[in-house]
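# Working through the structure, step by step
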Amino acid sequence: MTRKQRRMTIIGGSLAVLALAAALVLNALRDSIVFFSTPTMVAEKHVEPGKRFRLGGLVQPGSLQRGDNLAVTFEVADGNAKLPVAFKGILPDLFREGQGVVAEGALDANGVFKADTVLAKHDETYMPKDVADALKKQGHWKDDYGAQGSGTQASGAAKPAATTAQGNPQGAVR
């Protein structure tokens, strides 16, 4: 084997190992790339209890119940399915029934989503593009949702930041 053939074999083998490593990493991160899952996606995927993920959708009107020691329960829906959510802590000031929300946490053995973080939106007409597309697809889209662009705002316009349960905008430095 000549020197050139040996060099090309080493380069080819290195590229094959690199491609295999990249494929394994992308496969492992496949479910983590999604910003949030809707209740319908959770039901379709049969998410096992204890696996952390983000749940997004609209807070069902009439489902908000406050308990002792800042305990709160509500339902998040996407038009087809609903999922009960339990949260213990202070909700963001802009949290309302009928509004969009993203909660981080995991399902328990009873199928209740135990959230440790709840995010609410700033602008009452802003809706993440994923939620707007899901609502359009399911036929639950209202024309007044799109008053300010339904997640696709005019170029140069900044999207409102989400507020965490502690009340500070994401990315804000204290």
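In this text, all values refer to a predicted model and were calculated from it rather than measured experimentally.

Rules behind the numbers
As a convention, each chain's residues are numbered from 1 in the sequence order in which they are written. In keeping with the predicted nature of the model, local features appear solely for residues at pLDDT of at least 70, side-chain atom pairs appear and are counted solely at 80 or more, and the whole-chain, interface and lining totals rest on all residues. No hydrogens and no water enter the side-chain calculation; it runs on all heavy atoms of the structure. Numbering of helices and strands runs from the N terminus, with a helix taken as a DSSP run of H or I at least four residues long and a strand as a DSSP run of E at least two residues long. As used in this record, nonpolar core signifies buried Ala, Val, Leu, Ile, Met, Phe, Trp, Tyr and Cys residues forming a set joined through side-chain atoms within 4.5 Å. For each residue, the accessible area found with a 1.4 Å probe, counting protein chains only, is set against the maximum for its type, and the residue is called buried under 20%, exposed over 50%, and partly exposed in between. The pLDDT score gives, residue by residue, the confidence of the prediction method on a 0 to 100 scale. The criterion used for residue contact is that any of the two residues' heavy atoms lie within 4.5 Å. Contacts described as polar in this section are N or O atom pairs within 3.5 Å, which, within protein, must combine one atom able to donate a hydrogen with one able to accept it, while residues neighboring in sequence count only if both atoms come from side chains.

## Here we look at the overall build of the protein
- What the protein contains, in helices and strands, is 3 helices and 6 strands.
- Seen in sequence order, the protein has helices and strands lined up from the N terminus as α-α-β-β-β-β-β-β-α.

## With respect to the nonpolar core
- In terms of nonpolar packing, the biggest core is built from 19 residues, with Leu55, Phe113 and Val118 touching the most fellow members.
- Elements supplying a minimum of two residues to this core: β1 (52–59), β3 (71–77), β4 (82–88), β5 (100–107) and β6 (113–120).

## Description of unusual backbone geometry
- Phi is positive for His46, which is not a glycine, with a value near 50°.
- Locating His46 in the fold gives a position in the loop between α2 (39–45) and β1.
- With a relative accessible area of 67%, His46 lands in the exposed category.
- One non-glycine residue, Asn69, lies in the positive phi region at around 55°.
- Mapped onto the fold, Asn69 is located in the loop between β2 (65–66) and β3.

## Observations regarding the confidence of the model for the protein
- Looking at the protein, the pLDDT average stands at 78 and 74% of residues meet or exceed 70.
- Under a pLDDT of 50 for its full length, residues 166–174 has, in the predicted model, 8 contacts with residues more than four places off or in other chains.

## As for the side chain of Ser37
- Within the secondary structure layout, Ser37 lies in the loop between α1 (3–28) and α2.
- Owing to a relative accessible area of 10%, Ser37 belongs among the buried residues under this scheme.
- Contact partners of Ser37, with chain neighbours within four places excluded, come to Val42, Lys45, Phe53, Arg54, Leu55 and Gly56.

## What about the side chain of Asp108?
- Within the secondary structure, Asp108 sits in the loop between β5 and β6.
- At 3.1 Å, the side chain of Asp108 forms a polar contact with the backbone nitrogen of Gly111.
- A polar contact of 2.8 Å, which involves the side chain of Asp108, links it to the backbone nitrogen of Val112.
- Look past the residues within four positions of Asp108 in its chain and what remains in contact with it is Pro49 and Lys114.

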